[in-house]
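Here is what each chain is made of, one letter per residue.
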Amino acid sequence: MPLWLKRAIQVFAALIILIIIIFIGLAIYVNVNKKSLLVSINKELNRNINGSVTVGAMEPTFLKGFPGVSVSLKNVEIRDSLWKIHHHSLLTAKDFDISVNAMALLRGTIEIRKIAINDAEAYLYTDSTGYSNTSVFKKKTPSTPASKEENTSPAEIRRFDLNDVRFILDNRKGNKLFLFAVQDFSGKVDYPSSGWKADVNLKTLVRSLAFNTKRGSFVKDKVLQGKMDISYDNDLGIIEVKPNILNIGNDPFIIGAKFKIAKDPTAFTITVEARSILWKNASALLAPNIASRLNMFNLDKPIAVKCIIDGDMGGGGDPSILVNASVKANKLTSPGAVIEHVNFSGVYTNNFINGNGFTDANSAVKLYRFSGTYSEIPFTIDTAFLHNFEKPVATGTFRSRFDVSKLNNVIGDDMLKFTKGTADLKMHYSADLVNYKLNKPVLNGVLSVKNADVSYVPRNVNFKNTSITLDFRKEDLLIKDIRLQSGKSIVFMDGSIKNFLNLYYNAPEKIMFNWNMRSPEIYLGEFLGFLSSRKGRAAVKSKGKSNVSASQLNQMLEKGKAQINLKVAKVHYNKFLGTDATATFLLSDAGLYLNDASLKHAGGSVKLNGSVTQIGKLNRFAVNTVVSNVSIRDFFYSFDNFGLKSPTYKNLRGNFFTRTNVSGNITSAGKVIPGSMNGTVIFDLKNGALVNYEALQSVGKFAFPFRDLNNIVINNLNGKFDIRGEKVTINPMKISSSVLNMDIAGIYSMGAGTDILLDIPLRNPKKDEEITDKKEIRERRMKGIVVHIQAADGEDGKIKFKLVRKRDKNKTE
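Bear in mind that the values here come from a model prediction, so they are computed numbers and not experimental data.

## Here we look at unusual backbone geometry
Piece 1. Positive phi is not limited to glycine here, since Asp-164 has a value of about 55°.
Piece 2. Here Asp-164 lies in strand E5 (residues 159-171).
Piece 3. Unlike most non-glycine residues, Ser-375 shows phi in positive territory, near 50°.
Piece 4. Mapped onto the fold, Ser-375 is located in the loop between strand E16 (364-374) and strand E17 (377-387).

The following block contains the structure:
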């Protein structure tokens, strides 16, 4: 071994032995002088204390502080001067280890280089008046010269280690409560030119982080773990926690903060960022007043979110909270809706209007460039706002273009079933939210539907090539450019609904449609589905979305009313053809009510008022008509002879005038139920004729063999019929014709019970053709032989005619 190396080893060994001897000496010194050292430590600790620091015992711990000197302080407690009033010690620690500078110790001074605290509690208490137990630390007064005894450098703590330490900040004035169960808080401290800088390892359970105890805690019962880079600028009075990755629970966050301790109260800014976190996990970190609302929603995939919290330790209000979120290709579940393919940038703030405070009433959510798909219907919202969380109001502009068949996914296909067509929607909305559902919305915008095929399933009515424009004007709805086609019928419509939105959401059954309808040609038979019993509406199976809108639409269509003004060039119903029809009618769930209807028919005109109401499977109709100058043949043909078996429209000629007041039952196919009619018919026939009426021909060929029974001319005939079910009472009626005159009265039955008496003078009316005196004509009318004939049911069910005596006639009367 070289001599120089041998000498180097000897020097090094000597140094080690010297250090050990010095360390042992110092340990003996501490042990021998621990009482005086304890007094010195207490004096050092109490030097800048406005209260008291007590240390129960002190023991040297040789190995912990090597090569320095380490002592363990037992039962350390720091109290402020008002402890006896509030009973909250600033610090209580069962084990407080201090490592001091050995060389400084030899000079008779205490320099603390490391502190380790175990099983302790730090309780920062502020009462309702603003007094804090942190006043135990005296504030420096630079203007007061320091005494020689106090003219020492402040202790610099180089390392610290906290284990099982409970940290509590209880601010009764500011309603703040921070409670941390610190499992590990350790690190080292450097001292640059101004302030200090610390690298920290942290693991703590957050029991409470309540910036406002009335709102509840953020990050409650979550473990916070990671490394922190903390610095303090003495000139600025700012403690800064530089952004670094910390785990909250199982989610990594980038957390940074600033605390301006130079000001009173201490202002703070905390930044929390998660670049990928599930919605529910993020919501669980927020205060209950925010989380309770967010938990009504969910996003399936992780989102990026950044939160900035600004506040101070004084006052009693919430801090400012600003949250930015980015959502891409996600799935949103909300009350009443599931939205796929969701993309948006979102902002939450509780300072929507500066100066109005950080409150729920001043809170808002802003969504930018929102896009998604609801029940396969794509839509976008340029900017959506939800503000005032106490009485939430939602606003935004909604745009969508889609195939209308997709509406079946929203409202079901058991009411309105769409099979074709396109829809284009642009709508600005503003609405209150009650339980996060739209209420009393105000809409401004247009929905345009073109070339749609739709079936109204409950009434089995189908429409082809339908177009409609819905123009929303705040509470009102204007309906324009409607084209409905059902079979050969084409209807053009426009209309309005006053106070539509309020009624739609609150009382859809009270909605009143005001329609103007016009059509070149309508076939009423294609709309007979409205006379049929409404099919029961099956309950729509839930697929995670609400069917409230479908229910309201169904209520509106079935219970709402429609006031319709109608103009139709041609109206077809079975054999009936009317032209130039106009009408006003009311359509409701109870039926149809017709007012002031008029049309041209069979060379004359028809005016009527009436109603059709549904009773079970049948429909009850009531109608008042005024028929003027129509062809009686065409009139009877159009209405299937009004149920009469004889005579028929083929036997009738002339111009017909009538007033009717008739009611009865009608089937869903538009057929009158035999025997259901009741009412009165008053008629007048001018220039009439009875042509080829076999019932009279069979009798007349024997009684009047030389008269023309094939064409019986009736110049003027009027009468009154009372209809009661199957029986029609023919009030006494005088018939004057070219073949014979007769008086007729009795009952005609469409079933059994026909009993009609006819008084027929045998004299030929042609003999009186030259007489012009009407009085003389009346006197001569029943002169001569008068035949009394009874028309009654025969055994075979057919009407039989027989001669009867006059007394028999009187008997029947």
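## Let's talk about the packing of aromatic side chains
Piece 1. Within the structure shown, the criterion is met by 17 aromatic pairs.
Piece 2. Look at Phe-683 and Phe-721: their rings are 5.0 Å apart centre to centre, the planes differ by 45°, and that puts the pair in the tilted class. Of this pair, Phe-683 sits in strand E31 (residues 678-691) while Phe-721 sits in strand E32 (residues 711-724), placing them 38 residues apart in sequence.
Piece 3. Here the guanidinium or amino end of Arg-79 rests over the ring plane of Trp-83, the centre of that ring lying 3.5 Å away.
Piece 4. Sitting above the plane of the Tyr-523 ring, Lys-488 keeps its charged end 4.3 Å from the centroid.

## Focus: the pattern of salt bridges
Oppositely charged side chains can pair when the atoms bearing their charge come close.
Piece 1. Taken as a whole, this structure holds 21 salt bridges when the rule is applied.
Piece 2. With its nearest N and O atoms 4.0 Å apart, the salt bridge here joins Arg-166 to Asp-164.
Piece 3. Because the salt bridges share partners, they merge into one network encompassing Glu-121, Asp-164 and Arg-166.

## Some remarks on the confidence of the model for the protein
Piece 1. Of all residues in the protein, 80% have pLDDT values of 70 or greater, and the mean over the chain is 80.
Piece 2. Within the model, pLDDT remains below 50 along residues 807-813, and this stretch shows 4 contacts once partners closer than five positions in the same chain are excluded.

## Structural notes on the nonpolar core
Considering soluble globular proteins, one finds that nonpolar side chains tend to be buried as a cluster.
Piece 1. Counting residues in each nonpolar core, the largest one holds 168 residues, and the members touching the most others are Phe-96 and Trp-515.
Piece 2. Not counting the four nearest positions on each side in its chain, Phe-96 is found in contact with Val-71, Ser-72, Leu-73, Val-76, Leu-91, Ile-115, Ala-116 and Ile-117.

## What to know about the environment of Leu-470
Piece 1. Mapped onto the secondary structure, Leu-470 falls in strand E21 (residues 461-474).
Piece 2. The buried category is assigned to Leu-470, whose relative accessible area is 17%.
Piece 3. With 12 residues separating them in the primary sequence, Leu-470 and Ile-482 have C-alpha atoms 9.2 Å apart.
Piece 4. Residues in contact with Leu-470, not counting those within four places in the same chain, are Gly-445, Val-446, Leu-447, Leu-477, Leu-478 and Ile-479.

Reading the values: the criteria
- Residues numbered from 1 in each chain as written.
- Predicted model: local features only at pLDDT ≥ 70, side-chain atom pairs only at ≥ 80, totals over all residues.
- Heavy atoms only, no water.
- Helix = DSSP H or I, 4+ residues; strand = E, 2+ residues; numbered from the N terminus.
- Phe/Tyr/Trp six-rings, centres within 6.5 Å; stacked < 30°, edge-to-face > 60°.
- Lys NZ or Arg CZ within 6 Å of the ring centre and 35° of its normal.
- Salt bridge = Lys/Arg side-chain N within 4 Å of Asp/Glu carboxyl O.
- pLDDT = per-residue confidence, 0-100.
- Contact = heavy atoms within 4.5 Å.
- Core = buried A, V, L, I, M, F, W, Y, C linked by side-chain atoms within 4.5 Å.
- Buried < 20%, exposed > 50% of the residue type's maximum accessible area, 1.4 Å probe, protein only.

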